[in-house]
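Read off the chains here:
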Amino acid sequence: MHLLFATSIVPDGALASGYEIANAAIIAALRRAGVRVTVIGFTWPGKPASDPQNTIVLGAIDVRTESASSLQKLGWLAKAMLSGLTFASVKLRVVTDSEVRAAVERAGPFDGYVLNSVQFAGAFERLFGDRPSIFVAHNVEHRSAQENAAAAGGLFQRRLFRREARLLKAVEEQFCRRARFVFTLAEEDRSALGVASDNRSAVLPLVTCAEPPVQKNPRRTNCDAALIGTWTWQPNRIGLDWFLKKVVPHLRPDFRVRIAGGVPSGVTSAHPGVEFVGRVPDAQTFVRSAAVIPLISTSGSGVQLKTIETFELGLPSVATSHSLRGIDHRPVNCVVADDPVAFAGALEAAVADVRDIDGSAFHRRQVKALDAAIRRGLEKLEPVSQEVFA
């Protein structure tokens, strides 16, 4: 079976974000199942595709809103309003439908599409109805947009998020209705998308690396807690705000918290132990330098890749219930706390008694479940693949 994996940004091997980590895990699982996968999409500027022989590159683009100029943001907004597309999808309309169609034809004979999230397929949705498809819903995007609207500080931004939510709901409904099978990254997302039936969907348990991380013991720590993430992404920002405003004030003054990743302007903390360190050269080395990992998600859908990585590494953690969505097995050294005071107390207790465990069993369990789910979805395409698209 040959499938065309349609995505906004093609893999470049860097795995710099949760989205890229998830894509790598899904593509690897498809190939383990015997599928020939050709990826089509864009690259980041200056970052070539990691597998050029099996990748069709439409061009190089930077779709990050936080790094765009004011003029570029206004251009995207105007284009979105005129076209009726979502703000996220309109950023990808730097090539025409005919150019994408010609690129698809260059892939040669293939059996169907894997529509990876709504951004790319939503930008060129008229092009992906000629063959059967599997839809991969990384998040329930319209729910995230609704949460972003509720958290927005100004009326204009709130209205923009509400518009995104309305458009995304329609796009997600269409893709789910048209797909032979839907993959989500969390169990609750199946119901939210209206595909809760086992005949219509399955959850993809993910991993962050091909092999279980090597346990490097003993660990040497240089802080009590460490967080790393793309904090400019609104669901992550909401969780960070909750942690800094609700949890940190209850930590003792000498409790040391290091926060890595790009932080929006205006994000600060009066706590003397909180340090913003910006980008770090090695994310895994950074998190392993902490006694405990706070898993602080309070909004959004899909799965938290940082939760999975923490469990794979066997590191102690304190997690909100929301951080555990999409996770069937919680390690013994993960404490769950949703109350800010309890969360702070659990962090201090974990630092007082650091307990690492072997995370390889968690990794193996995830891979086995991932491969089983992928096979279920592919079974829905097999009868078609033996017909005209073979």
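Relevant structure appears above.
This structure is a prediction, so every number in the text was calculated from the model and none was measured. (Residues numbered from 1 in each chain as written. Predicted model: local features only at pLDDT ≥ 70, side-chain atom pairs only at ≥ 80, totals over all residues. Heavy atoms only, no water.)

Draft legend 1. Local environment of the packing of helix α1 (residues 18-32) against helix α13 (residues 360-379). For the pair α1 and α13, interaxial distance at closest approach is 9 Å and the crossing angle is 65°. Taken together, the axes of α1 and α13 lie roughly perpendicular to each other. α1 and α13 meet at a crossing whose hand is right-handed. From α1, A25, A29, L30 and R32 reach across to α13, where they touch V367, L370, D371, I374 and L378. Taken together, the residues that form the contact of α1 with α13 break down as seven nonpolar, no polar and two charged. (Axes fitted to C-alpha atoms, helices over the stretch in contact; angles between N-to-C directions. Helix = DSSP H or I, 4+ residues; strand = E, 2+ residues; numbered from the N terminus. Parallel < 35°, antiparallel > 145°, perpendicular 65-115°, else oblique. Left-handed = near helix turned anticlockwise from the far one by under 90°. Contact = heavy atoms within 4.5 Å. Nonpolar A, V, L, I, M, F, W, Y, C, P; charged D, E, K, R; others polar.)

Draft legend 2. The arrangement of the side chain of T7 in detail. Within the element layout of this structure, T7 appears in strand β1 (residues 2-9). Of the polar contacts made by the side chain of T7, one reaches the side chain of Y19; its length is 2.9 Å. The residues touching T7, leaving out its near neighbours within four places in the chain, are Y19, N23, V39, I40, G41, F42, N116 and F120. (Polar contact = N/O pair within 3.5 Å; in protein donor to acceptor, adjacent residues only side chain to side chain.)

Draft legend 3. Representation of the layout of surface pockets in the model. Taken as a whole, the second largest pocket spans an internal volume of roughly 400 Å³. As for the second largest pocket, its lining consists of 23 residues, of which L15, I21, A24, A25 and A28 are closest to the centre. Those elements giving two or more residues to the lining of the second largest pocket turn out to be α1 and α13. With eight residues, α1 is the single largest residue contributor to the lining of the second largest pocket. Residues that form the lining of the second largest pocket fall into these classes: 14 nonpolar, four polar and five charged. (1 Å grid on protein atoms, 1.4 Å probe; cavity = no way out; pocket = protein on both sides within 12 Å on 5 of 7 lines; lining within 4 Å. Points joined across faces, edges and corners; volume = space filled by probe spheres on them.)

Draft legend 4. Main features of unusual backbone geometry. Although it is not a glycine, S117 sits at a positive phi angle of roughly 70°. Along the chain, S117 turns up in the loop between β4 (112-116) and α5 (118-123). The class of S117 is buried, set by a relative accessible area of 2%. (Buried < 20%, exposed > 50% of the residue type's maximum accessible area, 1.4 Å probe, protein only.)

Draft legend 5. Examining the sheet that holds strand β12 (residues 317-319) more closely. Taking strand neighbours across the sheet as the criterion, the six strands line up as β10-β9-β8-β11-β12-β13 in an open arrangement whose pairing is parallel. Either end of the sheet is taken by a strand with one partner, and the two such strands are β10 (274-278) and β13 (334-336). Direction aside, neighbouring strands of the sheet carry axes that sit 25° apart on average. Bridge count for β12 against β13 is three bridges, and the pairing is parallel. Following the sheet pairing, S317 is matched in β13 by C334. Contacts from helix α9 (residues 234-247) reach β8 (223-228), β9 (257-260), β10 and β11 (290-295), with the element oriented near 160° to β9. Helix α11 (residues 305-313) contacts β8, β11, β12 and β13 of the sheet and is inclined by roughly 150° relative to β11. (Pairing = 2+ DSSP bridges.)

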